[in-house]
Amino acid sequence: MSEGKLVVARLPPLAGAKTFSPRHGGKFEGLNGPTYKIGGHVHALPPPKALRPYVDTKTGELDAWPAHASGHSVPTTSMMMTKDKSLVLVSDEQMGKPNMIPKPRFLEQLENYLKKELRALDVVEVEPNELRLQAHREVFEYLIEDFKTYKPLLSAVKNEYEMMFAFQRQQIRELEPLKQMLVTVSEQCDQKIMGIREEEKQEMADLKIENKRLCQRIEDLKNSGKDLQTQVSKLQDDLANQYKLYRDERDARKLLQSDINDLRYQQEDYQMSQKKDDEEEDDPVMLKIALKKAREDERSASQRLSEMEANYGDVIPRRDFETLEKKHIALEESVGVIQGDFDKLKQEHEALLEVHKQVVKQRDEFYTECETLRRSSTPRPDWDKCADNIRGGMTRWKELSEGKASNELVDVLLTEMASGEVVDTGGAEYFDGQGTGPAVPKYLQHDGPVRNRRLGKRDASLLIKDIWREKGAHDAAKSDGVRDKMSDFLYSYLQRRFGLEQMIIEWGYNLHDACQRYNSDEHIGLFHGVLTEEIDEEIYHNQLQLIQKLMNHLTTIDMDKGNQGKLSKADFREGLTSYLGNVDPDKVNAMMRAAESEMDNKEADEIEYKNLFMEDDEGRTGPFLDEIRKWEKQERMNYVDDIQKQLVDINPVSVDDLKRSILQADIEIDNVKMNKYITWVFQSETDPLPQDKVIERLRNGNVARIGRKL
């Protein structure tokens, strides 16, 4: 119920109110008496019989109390001691002192009635109470009834108060359950807190014990540190004493050395002087005898030396002998281990030879059986040839033919033919010329019929591969760095290769027709899109650069590992992850499976990575590079999807809108890349383009995320 429509229920009258009522008269039955009109408003009066004589019929007089009094009487209060020895404040009226200023009779009656009501209800104390409110409400109603002039205003004021009281009571009743809930929640929280405290009490006790133990440990460490410091001080003192002794010993040694040198010099001087005396006294006979004796000793020593060389010439030192003996023992142990391994390998080899003989025997038997079946059965058809005649190419044919037998494949082919999905490789004998208008590419400008050579998929692939090779060399030779349009270059290529105008037009139309028929092939479809300027040529060159840089990256890793031409699977995976950056692990797993599918030995732990980058004569690569191209295309499509999310509510799209969306999708893009993307999308147009056309141009353009995806 709204606040404006809140109805206030009137409280029932108090018991005994009629006894103490200041108004005694007839029953008031409402304003159904005479009426009077003032200012266009009709006012009703009560019936005369309900008015009391000389009370309600008296008009034009209002007591002017206390304005008529000669002065103000300020009520005084006194302090008294009660029986329980407490001080209370008591007014003059409570003490029974008369009021010197007389009050109006009606006011006095109302006050006396209010006091009697309060005493009767035992609510004399001034405090919030419903009974006190009811008594004052009755007095206020009597006051409103007597003041006829102010009755509407006073009734409105009373009504507002009553409405607010009722609203507040309603609010209190609504908040009571919340109060109970708050009390309940508070009790639950207190219980949880007490539970947590009980749980933590043991932990706190353990922590206190641990704290005491750690404090004791710290005290022990401090004491140990003091002991060590004391030992260090003592050792420093001992070291100082030892150093002092060392210095004294060194000084004494120097003095002793000096004395020894002096004695040596004296001895040498003495020997020199003694030698001179001996030389002067030598006898020639004695010298001759000494010479003869010295020669005999020399001859004896030479003979002994010769005998020693003859007897011990082949003998080695004991140290070398012991070293060689240790090596010999180690080699014997190694030979024993190797001999054991050799015996095991020999046994395994003999077992493998036996198994090989059995396998060869089974192979011969199977070969004989196969030849017998081959002679007695018809040759198996090459079902992959059907891919060139099915819309969707080899990919769709593999989906249709996977796990099916020959009879089922025939049914699939008939179903495709019945649904019109088989590509007509024959067609008319001649193509209709497209004219020589400016909108017609130069290699198709011709009036009249052109012979249909029915160019096959292989021939078209070989021709496209040669065109890409020639165009790459042609663009590399240009000095301005700007690539020629594929349509213009194709005419010059055909002119250089065939020369005759008729052959140029014929091969141009046949190549154009082959591209339309085999557009589902990834390589031919890309060339056709570039030829018709629907796809950016930079996509092809970007794929080549990506593959070339990936091969160089793997080659660098191989050179660091010893340039063996092979990489382990772990190194190969790490190389892919490090080069491709933030690539999804599922994509890396798909690339690894594609690389393993191209290996001759699927169980080998090493990958000959260079074989993964080879292509056949038609320019086709293996599953690994196909996965790389798929990943690059998916990254490009994800980037375009992010740009499209920024353009969700914008159609058509202007140049500024596209710039803003690209910047929101890739905040680290530079102005050069931004201008290339804008130029590719809008080309020569300046007006806003439809959103679907802008997104299609971005998907066919060479766009790539520069920064990290947010």
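Preceding block: the structure.
Conventions and cut-offs
- The residue count restarts for each chain, going from 1 along the sequence in the order it is written.
- A pLDDT threshold of at least 70 governs which residues receive local features in this predicted model, and a stricter bar of 80 or more applies before side-chain atom pairs are shown or counted, although totals over entire chains, interfaces and linings include all residues.
- The basis for every side-chain value is the complete set of heavy atoms in the structure, and neither hydrogens nor water enter the calculation.
- By definition here, a salt bridge exists when the distance from a side-chain nitrogen of Lys or Arg to a carboxyl oxygen of Asp or Glu is within 4 Å.
- Counting from the N terminus, the helices are the DSSP runs of H or I reaching at least four residues and the strands are the DSSP runs of E reaching at least two.
- Pairs were defined over the aromatic rings of Phe, Tyr and Trp, the Trp ring being its six-membered one, requiring ring centres within 6.5 Å. Orientation was assigned from the angle between planes: stacked under 30 degrees, edge-to-face over 60, tilted for the rest.
- Between buried and exposed lies partly exposed: a residue is buried under 20% and exposed over 50% of the maximum accessible area for its type, with that area taken using a 1.4 Å probe on protein chains only.
- Two conditions define a charge sitting above a ring: the NZ of Lys or the CZ of Arg must be within 6 Å of the ring centre, and it must be within 35 degrees of the ring normal.
- Expected span of a helix, by definition, is 1.5 Å for each gap between consecutive residues, and there is one gap fewer than residues.
- Any two residues whose heavy atoms approach within 4.5 Å at even a single point are treated as in contact.

1. Comments concerning the pattern of salt bridges
Item 1. On inspection of all chains with the given rule, the structure shows 30 salt bridges.
Item 2. For Asp466, the salt bridge is made with Arg469, and the minimal N-O distance between the two is 2.3 Å. Here the residue Asp466 and the residue Arg469 both occupy positions in helix H10 (residues 457–477), the gap between them amounting to three residues, near one helical turn.

2. A short note on the packing of aromatic side chains
Item 1. In total, this model carries 10 aromatic pairs according to the counting rule given.
Item 2. Geometrically, the ring pair formed by Trp468 and Phe527 is edge-to-face, given 5.9 Å between the ring centres and 80 degrees between the ring planes. On the criterion of sequence distance, the pair formed by Trp468 in helix H10 and Phe527 in helix H13 (residues 522–531) is long-range, its members being 59 residues apart.
Item 3. A relative accessible area of 8% places Trp468 in the buried class.
Item 4. With centroids separated by 5.2 Å and ring planes inclined at 10 degrees, the aromatic side chains of Phe498 and Trp507 adopt a geometry described as stacked.
Item 5. Judged by its relative accessible area of 23%, Phe498 falls in the partly exposed class.
Item 6. Through successive ring pairs, a cluster of aromatic residues spans Trp468, Phe527 and Tyr540.
Item 7. The ring of Trp680 carries the charged tip of Arg697 above its face, separated from the ring centre by 4.2 Å.

3. Overview of helix H19 (residues 671–682)
Residues separated by three or four positions in an α-helix point in the same direction, a consequence of the helix having 3.6 residues per turn.
Item 1. Counted at 1.5 Å a residue, the expected span for H19 with its 12 residues is 16 Å, and the 16 Å between its end C-alpha atoms agrees.
Item 2. For H19, the complete set of buried residues consists of Met674, Tyr677, Ile678, Trp680, Val681 and Phe682.
Item 3. Residues of H19 that are buried make contact with helix H17 (623–646), helix H18 (655–665) and helix H20 (691–699).
Item 4. Positioned one or two residues after H19, Gln683 has a phi angle of 55 degrees, which is positive.

4. Comments concerning unusual backbone geometry
Item 1. Positioned with a positive phi, Arg454 is a non-glycine residue whose angle comes to about 50 degrees.
Item 2. With respect to the helices and strands, Arg454 occurs in the loop between strand E6 (449–451) and H10.
Item 3. Owing to a relative accessible area of 33%, Arg454 belongs among the partly exposed residues under this scheme.
Item 4. Phi angles above zero are rare outside glycine, and Glu533 is one such case at about 65 degrees.
Item 5. In this structure, Glu533 sits in the loop between H13 and helix H14 (538–560).
Item 6. Note on Glu533: relative accessible area 38%, which makes it partly exposed.

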